[in-house]
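One letter stands for each residue in the lines below.
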Amino acid sequence: MTAPPDAFPLLVVDGVSKAFGRNCVLKDVSFSLSSGEVLALVGENGAGKSTLMNILSGGLVHDGGSIRLAGKAFSPATPTEANGAGIAIVHQETTILPDLTVAENIFFGDEPRNAFGLIRQGEMHAHAASLLSTLGFSIAPHRLGRDLSAAERQMVEIAGAVRRSPRLLILDEPTASLSAAAAQSVLELMARLKATGMAIVFISHRLGEVLDSADRVVVLKDGQMTLEALRGAFDRNDLIQAMVGRTLDNVFPERPADLGSAPIRFALEDCGNTTLPPISIAVRRGEVLGVAGLEGQGQKPLADALCGLQPFTAGHMELDGARLRVPSPAAAIAAGIASIPDDRRRDGLALTLPIRHNLSLFSLRRSAGTGLLSIASEEAFAEASRQRYAIKAFSLDQPVGQLSGGNQQKVVFARWLANEPRLLVLHEPTKGVDVQTKSEIYHLIGKLTERGVAVLLISSDLIELIGLSDRIVTLYEGRISGEIARSDFSEEAIMHLASGPVAQGAEAVDA
Ligand SMILES: Nc1ncnc2c1ncn2[C@@H]1O[C@H](COP(=O)(O)OP(=O)(O)OP(=O)(O)O)[C@@H](O)[C@H]1O
Ligand SMILES: [Mg+2]
């Protein structure tokens, strides 16, 4: 690697390595970062990005190599020590506590207290309010964690991290679950913080964001550095080449020219409940219907209703011409509806159980009834899933919680698709998934549609919506504000319709 040009970088990582047991996950990683610089750290799922950041922020201790911070040897034994040295991290998975207010979340563990040790609520909420407004976030400090949208949770996490003006701010996939507009506001915030002299490490699988915001990029592949480059000296293909080892063509599957004559597989007519106004949608056999929208426009209630978590209380649903009722998640599964939730840690996975048990949860249920299940078939299924989805794990007996974020998402996918569904409801299916695996998942969805599976793709990723959908509808305040045919797809067209109804009374248009 060439020597970095800075005379006095804030952070110098030199030959750092880390192993878990016999498994080496970081090998001889070296890079440097200066104040006022944004470093983007990219790499496939399991490449070692979060592990490296956990070392810098005191969550893990490295085995070999050295780290220098502001010229001094640095090896934080605890997060508190790293914090004291001016390093703040926003972890990949949200740590917002649902029962605490925004202000309590921001000051958690460090609340202002009076002489009796009681929290000064007024002072804390006032501080939070001024911090949030300085950062340009309009979130009321008294709101509860549970009521925040994904974007707001991310904003509150960032506020908690920057409240003590760290020298180095680490953001581990801050935009993964955000809509394009919300992600843009995180990037703008990074630019403002950088202008104050803060150094920032930013992890993202969205290469467009990396190209837009990074002054310097570091690529990891299987724990080794494959690229360090300054802004202007790398492009999208260089990143992919360094991450994957080759360039990627045909990220998306071919879509059929016309699905107009395929029978309707799934239809909603005026379906609603307390959180969702009546909505009408129809999806043909083999069709991918994209659902776009700004943050929090009804996407989650729609997904929750279809998987039986928060059922519709009004309207009429049909699957293959027959009346459909989905009063519970079990009923959804029995009807042939598979749904991949956006929050894998809450709805998707048993983190402490081994990967193999997480994988076989639903197929076990099915096979148990027929008496056909055996340990051997569970083993075979788990192994086949690992290969098919390229799940990166040292052993299938590892608890799923030990997997990297993207690999956890692959386990969710593999499990839900163990039985071929009639309707597949996807909510942010590739959140946190690397480019190569994303492409594999897209082709898998393409294969399912060839066999007639209808897909409802609820996503904030415009590139994904455009690449995969046959038709896109936009949600605005829980209602359908527009529909776009594949020939008219563009980011601008989607954003335009997603920001409000075009004409009074614009309603769902059946295919
Ligand atoms: N506590 C642990 N015990 C054992 N293995 C671990 C542990 N933490 C991480 N690993 C392994 O280290 C490797 C690197 O994981 P890491 O979380 O750093 O990846 P990542 O690059 O952040 O991936 P992603 O993009 O999916 O978040 C993975 O193979 C993971 O399973
Ligand atoms: Mg990670």
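Residues numbered from 1 in each chain as written. Chains lettered and ligands numbered in written order. Predicted model: local features only at pLDDT ≥ 70, side-chain atom pairs only at ≥ 80, totals over all residues. Heavy atoms only, no water.

Draft legend 1. Unusual backbone geometry, seen in detail. Phi angles above zero are rare outside glycine, and A70 is one such case at about 50 degrees. By the secondary structure assignment, A70 is in the loop between β4 (64–69) and β5 (72–73). Taking the relative accessible area as the measure of exposure, A70 reaches 41% and is therefore partly exposed. (Helix = DSSP H or I, 4+ residues; strand = E, 2+ residues; numbered from the N terminus. Buried < 20%, exposed > 50% of the residue type's maximum accessible area, 1.4 Å probe, protein only.)

Draft legend 2. A look at the side chain of E428. Structurally, the position occupied by E428 is in the loop between β17 (423–427) and α15 (435–450). Put simply, E428 is tucked away with no salt bridge, and the nearest opposite charge, on R206, sits 5.7 Å away. Looking at E428, its side chain comes within polar contact range of the side chain of S460, at 3.1 Å. Apart from residues no more than four positions distant in its own chain, E428 is found in contact with D342, Q409, I458, S459 and S460. (Lys, Arg positive; Asp, Glu negative; His and termini not counted. Salt bridge = Lys/Arg side-chain N within 4 Å of Asp/Glu carboxyl O. Polar contact = N/O pair within 3.5 Å; in protein donor to acceptor, adjacent residues only side chain to side chain. Contact = heavy atoms within 4.5 Å.)

Draft legend 3. Just the domain arrangement of the chain, in detail. As assigned here, the chain comprises domain 1 (11–96 + 148–244) and domain 2 (265–336 + 421–511). On a C-alpha basis, the centres of domain 1 and domain 2 stand 33 Å from each other. Both faces considered, domain 1 and domain 2 share a buried interface measuring about 1,300 Å² in area, 56% of it formed by carbon and sulfur atoms. On the domain 1 side of the contact with domain 2, N45, S179 and H205 bury the most area, a combined 32% of that side's loss. At the junction of domain 1 and domain 2, the tally comes to zero salt bridges. Inspection of the region where domain 1 meets domain 2 yields six residue pairs in polar contact (both at pLDDT 80 or more). (Domains from an automatic or database assignment. Buried area = accessible area lost by both parts, 1.4 Å probe.)

Draft legend 4. Seen up close, the sheet that holds strand β18 (residues 454–458). The mixed open sheet is built from six strands, whose spatial order is β16-β17-β18-β13-β19-β20. The open sheet has two free edges, formed respectively by β16 (337–340) and β20 (479–485), since each of these has just one partner strand. Neighbour-to-neighbour, the strand axes of the sheet open up by a mean angle of 20 degrees, direction not taken into account. Two elements, β16 and β17, share four bridges in a ladder whose sense is parallel. (Pairing = 2+ DSSP bridges. Axes fitted to C-alpha atoms, helices over the stretch in contact; angles between N-to-C directions.)

Draft legend 5. Summary view of the coordination of the magnesium ion (ligand 2). In the first shell of the magnesium ion (ligand 2), the protein supplies S50 (OG) and Q92 (OE1), at 2.1 to 2.3 Å from the metal. Taken together, the residues span a long stretch of sequence, with S50 in helix α1 (residues 49–56) and Q92 in the loop between β6 (87–90) and α3 (102–106) at a distance of 42 residues. Judged by relative accessible area, S50 falls into the partly exposed class, the value being 23%. When its relative accessible area of 19% is taken as the criterion, Q92 is described as buried. (Donors = N, O, S within 2.8 Å, 3.2 Å for Na, K, Ca; no water.)

Draft legend 6. Summary view of the site of ligand 1. By nearness alone, 19 residues border ligand 1, and G46, K49, T51, S404 and G406 come closest of all. One nitrogen or oxygen atom from the side chain of N45 is found 3.0 Å from an oxygen atom belonging to ligand 1. One of the backbone nitrogen or oxygen atoms of G405 is found 3.4 Å away from an oxygen atom of ligand 1. Taken by itself ligand 1 offers 650 Å² of open surface, and the protein chains cover 87% of this. Listing elements by their share of the shell around ligand 1, those giving two or more residues are α1 and α14 (405–416). By residue number, the principal contributor to the shell around ligand 1 is α1, which donates three residues. Of the residues assigned to the shell around ligand 1, the class counts are four nonpolar, twelve polar and three charged. (Near = heavy atom within 4 Å. Areas by Shrake-Rupley, 256 points an atom, 1.4 Å probe, with all protein chains shown as cover. Nonpolar A, V, L, I, M, F, W, Y, C, P; charged D, E, K, R; others polar.)

Draft legend 7. Spatial organisation of the packing of aromatic side chains. Counted by the stated rule, this structure contains one aromatic pair. A ring pair is formed by F252 and Y442, whose centres lie 4.6 Å apart and whose planes are at 20 degrees; its orientation type is stacked. Placement of the pair is F252 in the loop between α8 (236–244) and β11 (264–273) and Y442 in helix α15, with a sequence separation of 190 residues. (Phe/Tyr/Trp six-rings, centres within 6.5 Å; stacked < 30°, edge-to-face > 60°.)

Draft legend 8. Looking closely at the sheet that holds strand β9 (residues 216–221). Within the open sheet, the six strands sit side by side as β6-β7-β8-β3-β9-β10. Their pairing is mixed. The open sheet is flanked by β6 and β10 (224–230), the only strands paired with a single partner. When strand polarity is set aside, the average angle formed by the axes of neighbouring strands in this sheet is 15 degrees. Here strand β3 (residues 38–43) pairs with β9 via five bridges, running parallel. Considered in β9, the bridge of L39 is made with R216. Of the strands in this sheet, β6 and β7 (168–172) touch helix α5 (residues 150–162), which is tilted by about 170 degrees from β6.

Draft legend 9. A look at the pattern of salt bridges. Counted under the stated rule, the structure contains 24 salt bridges. Across the pair R386 and E383 runs a salt bridge whose closest N-O atoms are separated by 3.3 Å. A residue pair is termed a helical-turn pair when its members lie 3 or 4 positions apart in one helix, as R386 and E383 do in helix α13 (residues 375–388) at three residues. In this structure, a network of salt bridges that share partners links the residues E37, R216 and E228.

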